Amino acid sequence: MGRTPVQLLALSGSLRSKSSNTELLRAAAALAPDAVDVVLHDGIGKLPHFNPDLEDALPPTVVDLRARVAAASGLLISCPEYAHGVPGSFKNALDWLVGGPEFVHKPIALFNASPRASFAQESLAETIRTMSGRIISGASVVLPLLGQRLDAAGIMARPELASAIREAVSAFVEAIQAGAADTAA
Ligand SMILES: Cc1cc2nc3c(=O)[nH]c(=O)nc-3n(C[C@H](O)[C@H](O)[C@H](O)COP(=O)(O)O)c2cc1C
């Protein structure tokens, strides 16, 4: 009997076209094992500002985000730090997920493209824990990409970066499969 197929949804906290966090996620998608599908969601910047009044008739972009989160076996998140916090656009996306069941107990790997971004990383982790997401610490990795101007191919070409990403993705998939086995038992 084969293992459960693993689908990962990658969410970048940066809307910048040459974002190091987005490129890190692209590299993770390319380096993931064949049996693991990593899809980068590019809809974060298209979400309206969160407003609880809209929860009864959700905007289509929010319905789409929630469906993608529900369908994913786990989330790969990589987020920059703005003024010692999580960028507003990314917190906005998380706020849209608070009201639904999709995020609850979802396994999450927290990637980070900058060793300096510790305030945002801690704040993001606190928000995720509050939303009952399951951060997999062994799959969370901080990589020194700040100021390097590397795209995904450039990241993959650095053996030490590529192997750290491979190890994190493998640890994430193992944790997801172990969790799925626990649930099925
Ligand atoms: C508005 C703004 C505020 C920032 N504030 C911080 C900060 O508080 N701490 C920090 O380490 N970097 C800060 N930075 C630097 C970014 O985190 C850094 O450029 C990062 O690479 C951006 O991620 P990206 O390449 O994925 O867009 C800030 C950048 C911007 C644009």
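Residues numbered from 1 in each chain as written. Predicted model: local features only at pLDDT ≥ 70, side-chain atom pairs only at ≥ 80, totals over all residues. Heavy atoms only, no water.

Visitor: Explain the overall build of the protein chain to me, please; I cannot follow it from the model alone.
Guide: Helix and strand counts for the protein chain stand at six helices and six strands. Ordering the α and β elements of the protein chain from the N terminus gives β-α-β-α-β-α-β-α-β-β-α-α. By the compact-globule yardstick of 16 Å for 185 residues, the protein chain fits well, its C-alpha radius of gyration being 16 Å. In terms of principal-axis extent, the alpha carbons of the protein chain reach across some 50 × 45 × 25 Å. Looking at the protein chain as a whole, 48% of its 185 residues are labelled buried. Looking at the protein chain as shown, the accessible area adds up to about 9,400 Å², and 54% of this sits on carbon and sulfur atoms. (Helix = DSSP H or I, 4+ residues; strand = E, 2+ residues; numbered from the N terminus. Rg over C-alpha atoms; globule rule 2.2 N^0.38 Å. Buried < 20%, exposed > 50% of the residue type's maximum accessible area, 1.4 Å probe, protein only. Areas by Shrake-Rupley, 256 points an atom, 1.4 Å probe, with all protein chains shown as cover.)

Visitor: Help me understand the site of the ligand, please; the structure alone is not making it clear to me.
Guide: By nearness alone, every residue bordering the ligand is listed as S14, R16, S19, S20, N21, P80, E81, Y82, A83, H84, R116 and L146. Within the contact set of the ligand, an oxygen atom lies 2.5 Å away from a side-chain nitrogen or oxygen of S19. One of the side-chain nitrogen or oxygen atoms of N21 is found 2.7 Å away from an oxygen atom of the ligand. Burial of the ligand by the surrounding chains reaches 67%, relative to a free accessible area of 630 Å². Class assignment for the residues of the shell around the ligand results in four nonpolar, five polar and three charged. (Near = heavy atom within 4 Å. Polar contact = N/O pair within 3.5 Å; in protein donor to acceptor, adjacent residues only side chain to side chain. Nonpolar A, V, L, I, M, F, W, Y, C, P; charged D, E, K, R; others polar.)

Visitor: Is there a simple way to explain the pattern of salt bridges in this structure?
Guide: Charged atoms that come close allow side chains of opposite charge to pair. Tallied over the full model, the rule gives seven salt bridges. Between D42 and K46 there is a salt bridge, and its shortest N-O distance comes to 3.7 Å. Measuring nitrogen to oxygen at the nearest pair gives 3.0 Å for the salt bridge that ties R68 to D64. Of this pair, R68 and D64 both sit in helix α2 (residues 60–71), four residues apart, which is roughly one turn of that helix. Its relative accessible area of 33% is what places R68 among the partly exposed residues. Accessibility expressed as a relative area gives 32% for D64, which makes it partly exposed. Through salt bridges with shared partners, one network takes in E122, E126 and R129. (Salt bridge = Lys/Arg side-chain N within 4 Å of Asp/Glu carboxyl O.)

Visitor: Explain the environment of G74 here, please?
Guide: With respect to the helices and strands, G74 occurs in strand β3 (residues 74–78). Note on G74: relative accessible area 0%, which makes it buried. Counting along the chain gives 85 residues from G74 to P159, while the straight-line C-alpha distance between them is 25 Å. Ignoring sequence-local partners within four residues, the contact set of G74 consists of Q7, L8, L9, K106, P107, F172 and I176. (Contact = heavy atoms within 4.5 Å.)

Visitor: Looking at this structure, how should I read the pairing of β3?
Guide: A regular strand carries its side chains on alternate faces of the sheet. Summarising burial for β3: five of the five residues are buried, a large majority. Residues G74, L76 and S78 point to one face of β3 and L75 and I77 to the other, with burial holding for every one of them. The pairing of strand β1 (residues 6–12) with β3 spans five bridges and is classified as parallel. Counted as the bridge partner of L9 is L75 from β3. As judged from the four bridges shared by β3 and strand β4 (residues 107–112), these two strands associate in the parallel manner. Within the sheet, the bridge partner assigned to L76 lies in β4 and is A109. Regarding topology, helix α3 (residues 88–98) serves as the crossover connection from β3 to the parallel β4, and that connection is right-handed. (Pairing = 2+ DSSP bridges. Right-handed = clockwise from strand over helix to strand, strands pointing away.)

Visitor: Which parts of the structure should I look at to understand the nonpolar core?
Guide: If you look at soluble globular proteins, the nonpolar side chains tend to sit buried side by side. Ranked by size, the top nonpolar core spans 33 residues in total, and within it L76, F111 and I165 carry the most contacts. Looking at this core, the elements with two or more residues in it are β1, α1 (20–31), β2 (36–41), β4, α5 (152–156) and α6 (159–184). Counting residues per element, this core draws most heavily on α6, at 10 residues. The next biggest cluster of nonpolar side chains, apart from the first, holds 24 residues, and it includes I44, A93, I128 and M131. (Core = buried A, V, L, I, M, F, W, Y, C linked by side-chain atoms within 4.5 Å.)

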